[in-house]
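# Examining the three-dimensional arrangement
What follows is each chain in one-letter form.
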Amino acid sequence: MSDVVVGVDLGGTKTAAALVRADGAVGPVRSVPTPATAGPEAVLDAVAGLVRDVVAHGGTLTAPGGTTTELTGPVAVSGLGVGTAGVVDTTTGTIVSATDAIRGWTGTDVRGGLRARLRDVVGEGTVTVENDVDAHAGGEVWLGAAAGADSVLMVAVGTGVGASVVLDGRPLRGAHHVAGEMGHQPSPDAAGLRCGCGRPGHLEALGSGPALHRHYLRLGGDAAVADTREVCARAAAGDEVAERAVRESARAVGRSVAGVVTVLDPAAVVVGGGMSQAGPLWWEPMDAALREELIEPLADIPVRPSALGPVAAVLGAARTALVARG
Ligand SMILES: [Zn+2]
């Protein structure tokens, strides 16, 4: 049996995939735009096309230590692991619920749809499907910022606020497949603000990247500022309103993370997603707010930025397929 699988990171704007070997060696990452408004069948077609491309081309696999191996396509693979936006029933590989980042995604049988399209590539091999933040966390625990830790809270702050809880080395899925959906926690800082789920006062309504931009406008910021990136740039340049918006959004995230840390007592926290790359203006108030809330035994908990970047979810999704394959 081949010790190579394909890992896929299926997001609302793009889908990335690569060959991954059981020792963590990873091939070239290929990506395509996700046809997010064209319906689930079109999305599954795009993913299947990308997987075919990855397998057909092979390429140079680079192991964590730097050793390289050349694989000539078509590469025999023994499985496929997918991390996707949305709440996923990992036992069936279907989407339990999702935002409209991918239109009509709720209810999609991702595992069945990909197996039917890729029978000649994966045969009866393993096909696993999980939430993309769980996949990201799996990658960081395997080879990244939390390598070797057996319990980790991974928080992803970007277009939404997601999280994954890894206990005994495995992502906690939960009784309703929702474990880790931290963005929908009540947050006192977000009181009165409407969340993407329709309810007021959830963390995501203040803590996500787009929410930070809305917060800046609410505080009286310049209406000509188009997006979160520009708010952060203005904050870095000394704009007080922008700096306050970044600080308050980051503090809301930090407080909520502290709440989850206090319940779980993980060995480490990893923070990923676009906002984690925004620099000290975001990171420092997030970290300070978190530590203000923690009782003494938790005071020194490591809080690290994700280390693997965009390949983390590809690696984690592949790892889940490798583990399931046995
Ligand atoms: Zn919500």
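Residues numbered from 1 in each chain as written. Predicted model: local features only at pLDDT ≥ 70, side-chain atom pairs only at ≥ 80, totals over all residues. Heavy atoms only, no water.

### A few points about the overall build of the protein chain
When helices and strands are tallied, the protein chain shows 10 helices and 14 strands. Scaling as 2.2 N^0.38, a compact globule of 326 residues should have a C-alpha radius of gyration of about 20 Å, and the protein chain matches this with 20 Å. Taken over the C-alpha atoms alone, the protein chain extends approximately 55 × 45 × 40 Å along its principal axes. Residues classed as buried in the protein chain amount to 53% of the 326 residues present. Across the protein chain, the fraction of contacts at a sequence separation of at least 24, relative to all contacts at a separation of at least 6, is 60%. Carbon and sulfur atoms make up 53% of the accessible area of the protein chain, which amounts to about 13600 Å² in all. Of the charged side chains in the protein chain, 25 are positive and 35 negative; the average position of the first set lies 4 Å away from that of the second. (Helix = DSSP H or I, 4+ residues; strand = E, 2+ residues; numbered from the N terminus. Rg over C-alpha atoms; globule rule 2.2 N^0.38 Å. Buried < 20%, exposed > 50% of the residue type's maximum accessible area, 1.4 Å probe, protein only. Contact = heavy atoms within 4.5 Å. Areas by Shrake-Rupley, 256 points an atom, 1.4 Å probe, with all protein chains shown as cover. Lys, Arg positive; Asp, Glu negative; His and termini not counted. Charge placed at Lys NZ, Arg CZ, Asp CG, Glu CD.)

### With respect to the coordination of the zinc ion
Within the protein, His184 (ND1), Cys195 (SG), Cys197 (SG) and His202 (ND1) serve as the donor atoms for the zinc ion, at 2.0 to 2.3 Å. One can describe the site at the zinc ion as tetrahedral: its 4 donor atoms subtend angles covering 98 to 118 degrees at the metal. Every donor residue of the zinc ion comes from the same chain, spaced as H-x10-C-x1-C-x4-H. Look at cysteine 195 and you get buried, because its relative accessible area is 4%. (Donors = N, O, S within 2.8 Å, 3.2 Å for Na, K, Ca; no water. Tetrahedral: all angles 85-135°; square planar, octahedral: opposite > 155°, others 65-115°.)

### Brief notes about the pairing of strand β8 (residues 94-97)
Along any regular strand, the residues point their side chains to alternate faces of the sheet. Examined bridge by bridge, strand β7 (residues 87-89) and β8 share 3 bridges and lie antiparallel to one another. Within β8, the position partnered with aspartate 89 by the bridge is threonine 94. Taken together, β7 and the strand that follows it, β8, pair antiparallel across an intervening segment of 4 residues, in which glycine 93 is found at a positive phi of about 75 degrees. (Pairing = 2+ DSSP bridges.)

### Describing the domain arrangement of the protein chain
Reports often express the size of an interface as the amount of accessible area lost when the parts come together. As assigned here, the protein chain comprises domain 1 (4-137 + 310-325) and domain 2 (148-306). Between domain 1 and domain 2, the contact holds 14 residues from the first and 15 residues from the second. Across the domain 1/domain 2 interface, buried area totals approximately 1100 Å², and carbon plus sulfur atoms make up 57% of it. Joining domain 1 to domain 2, the criterion identifies 2 salt bridges. At the junction of domain 1 with domain 2, the criterion picks out 4 residue pairs in polar contact (both at pLDDT 80 or more). Those elements that place two or more of their residues in the side of domain 1 that touches domain 2 are β7, β9 (126-131), α4 (132-143) and α10 (312-325). The leading source of residues in the side of domain 1 that touches domain 2 is α4, at 4 residues. When the residues that make up the side of domain 1 that touches domain 2 are grouped by side-chain class, the tally is 6 nonpolar, 4 polar and 4 charged. (Domains from an automatic or database assignment. Buried area = accessible area lost by both parts, 1.4 Å probe. Salt bridge = Lys/Arg side-chain N within 4 Å of Asp/Glu carboxyl O. Polar contact = N/O pair within 3.5 Å; in protein donor to acceptor, adjacent residues only side chain to side chain. Nonpolar A, V, L, I, M, F, W, Y, C, P; charged D, E, K, R; others polar.)

### Regarding the nonpolar core
One recurring pattern in soluble globular proteins is that nonpolar side chains are buried together. Core analysis: the biggest nonpolar cluster contains 40 residues, and Leu153, Val257, Val269, Trp282 and Met286 have the highest contact counts within it. Mapped by element, the contributors of at least two residues to this core are β10 (152-157), β11 (161-167), α5 (204-207), α6 (209-218), α7 (228-236), α8 (240-264), β13 (268-272) and α9 (280-293). If one sorts the elements of this core by residue count, α8 sits on top with 10 residues. Leaving out residues up to four positions away in the same chain, valine 257 has contacts with Leu153, Val155, Met182, Val269 and Leu290. Val55, Leu61, Val75 and Val110 belong to the second-largest nonpolar core, a separate cluster that totals 33 residues. (Core = buried A, V, L, I, M, F, W, Y, C linked by side-chain atoms within 4.5 Å.)

### Description of the sheet that holds β13
With respect to topology, 5 strands assemble into an open sheet ordered β12-β11-β10-β13-β14, the strand pairing being mixed. Here the strands that pair on one side only, and so sit at the sheet edges, are β12 (170-171) and β14 (303-305). Relative to β13, β10 is paired through 5 bridges, and the arrangement is parallel. The partner of alanine 156 across the bridge, within β13, is glycine 272.

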